[in-house]
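A closer look at the structure
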Amino acid sequence: MGEILNVEANGVRLAYEVAGPADGPPLLLLHALGEDRTSWRAVSDALAADGWRAYAPDLRGHGASERPGTYSFELLRDDVLGFLDALGLGRVTVVSHSLGTFAASLAAIARPDAVRRLVLEEGPLPFPADPPRPVPTEAPEEPTPYDWRLLPAVAAQRNDPDPAWWRDLTAITAPTLLVAGGPSSHLRQDQLARVAGRIPDCRLVTIEAGHMIHDDRPAEFLREVRAFLSPVPAGRPADGARG
């Protein structure tokens, strides 16, 4: 990854990096809450070397992207779809982690023809958080590398999820790989298994790494992802994509 680029998507400025051949098939990497595009660099560099054109945006409120102050899983979904449209990417493969899995799965539900294949690392969990997540009402004392207003928005939606998130998982048509982190993860693994069973064409694999699989076990994560994405689709014309 190299130069930070910017694009307006869904009315918000999103920063992103891109790596890989200009005519490679597009692959989108969506990070977790509190992370940014740089959390994917080892993964994106490896997949770019395989021939993918890897795009890693900062989600709204994160990294170098705009901090509009309004946040929801649905807005993240619309940002992702706007990002694809703004760059003319057409049909993409999506690799996502934690918060990013909500944006990815909701995008795949809303526009099935936009997602070729889908990787969900430790998420999504469309079940009420148990115990409920605390909903912050004041900014933390120390500055954060992301907009702290994300925290109450995410907590509120995790505590009272829209029933449609569970119901509509059956609308995902993309072949899907759900990568779970095993018992050391703070997420309930039985719920991840239920999500995998709900998505029509989904394979569940467990890498005993906890929640941060691609950080703590990058080689194993890449092995599973590469096997799932193989063979790399044929390249395509640049079709107007910038960067």
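Residues numbered from 1 in each chain as written. Predicted model: local features only at pLDDT ≥ 70, side-chain atom pairs only at ≥ 80, totals over all residues. Heavy atoms only, no water.

A few points about the overall build of the protein
Across its full length, the protein carries eight helices and eight strands. The C-alpha radius of gyration of the protein comes to 17 Å, within 12% of the 18 Å expected for a compact globule of 243 residues. Along the longest, intermediate and shortest principal axes, the C-alpha atoms of the protein span 50 × 35 × 30 Å. Residues counted as buried form 52% of the 243 residues belonging to the protein. Taking contacts inside the protein between residues at least 6 apart in sequence as the whole, the part at least 24 apart equals 77%. (Helix = DSSP H or I, 4+ residues; strand = E, 2+ residues; numbered from the N terminus. Rg over C-alpha atoms; globule rule 2.2 N^0.38 Å. Buried < 20%, exposed > 50% of the residue type's maximum accessible area, 1.4 Å probe, protein only. Contact = heavy atoms within 4.5 Å.)

Section: the sheet that holds strand S2 (residues 12–19)
Sheet architecture is open: eight strands sit in the order S1-S2-S4-S3-S5-S6-S7-S8, paired in mixed fashion. Looking along the sheet, the strands with just one partner apiece sit at the ends: strand S1 (5–9) and strand S8 (202–206). Averaged over neighbouring strand pairs, the angle between their axes works out to 25 degrees when direction is ignored. Sheet topology note: the strand S3 (residues 26–30)/strand S4 (residues 53–57) ladder contains three bridges and is parallel. Counterpart to leucine 27 in the pairing with S4 is alanine 54. (Pairing = 2+ DSSP bridges. Axes fitted to C-alpha atoms, helices over the stretch in contact; angles between N-to-C directions.)

Here we look at the packing of aromatic side chains
Following the criterion strictly, the structure yields eight aromatic pairs and no others. Look at tyrosine 16 and tyrosine 55: their rings are 6.3 Å apart centre to centre, the planes differ by 35 degrees, and that puts the pair in the tilted class. Separated by 39 residues along the polypeptide, tyrosine 16 in strand S2 and tyrosine 55 in strand S4 bring together distant segments of the chain. By the burial criterion, tyrosine 16 is buried, and tyrosine 55 matches it. Geometrically, the ring pair formed by phenylalanine 127 and tryptophan 166 is tilted, given 5.3 Å between the ring centres and 50 degrees between the ring planes. Here the residue phenylalanine 127 occupies a position in the loop between strand S6 (115–121) and helix H4 (150–159), and tryptophan 166 occupies one in helix H5 (residues 163–167), the gap between them amounting to 39 residues. Phenylalanine 127 sits in the buried class, given a relative accessible area of 8%. Against the face of phenylalanine 228 rests arginine 117, its NZ or CZ located 4.8 Å from the ring centre. A cation over a ring is seen here: arginine 194 above tryptophan 166, with NZ or CZ 5.1 Å from the ring centre. (Phe/Tyr/Trp six-rings, centres within 6.5 Å; stacked < 30°, edge-to-face > 60°. Lys NZ or Arg CZ within 6 Å of the ring centre and 35° of its normal.)

Some details on the packing of helix H1 (residues 41–49) against helix H8 (residues 218–229)
Close contact between H1 and H8 brings their axes to 11 Å; oriented N to C, the two are set at 40 degrees. Between H1 and H8, the interaxial angle falls into the category oblique. Between H1 and H8 the crossing geometry is right-handed. Across the interface between the two elements, Ala42, Val43, Ala46 and Leu47 of H1 pack against Phe221, Leu222 and Arg226 of H8. Per-class residue counts for the contact of H1 with H8 are six nonpolar, no polar and one charged. (Parallel < 35°, antiparallel > 145°, perpendicular 65-115°, else oblique. Left-handed = near helix turned anticlockwise from the far one by under 90°. Nonpolar A, V, L, I, M, F, W, Y, C, P; charged D, E, K, R; others polar.)

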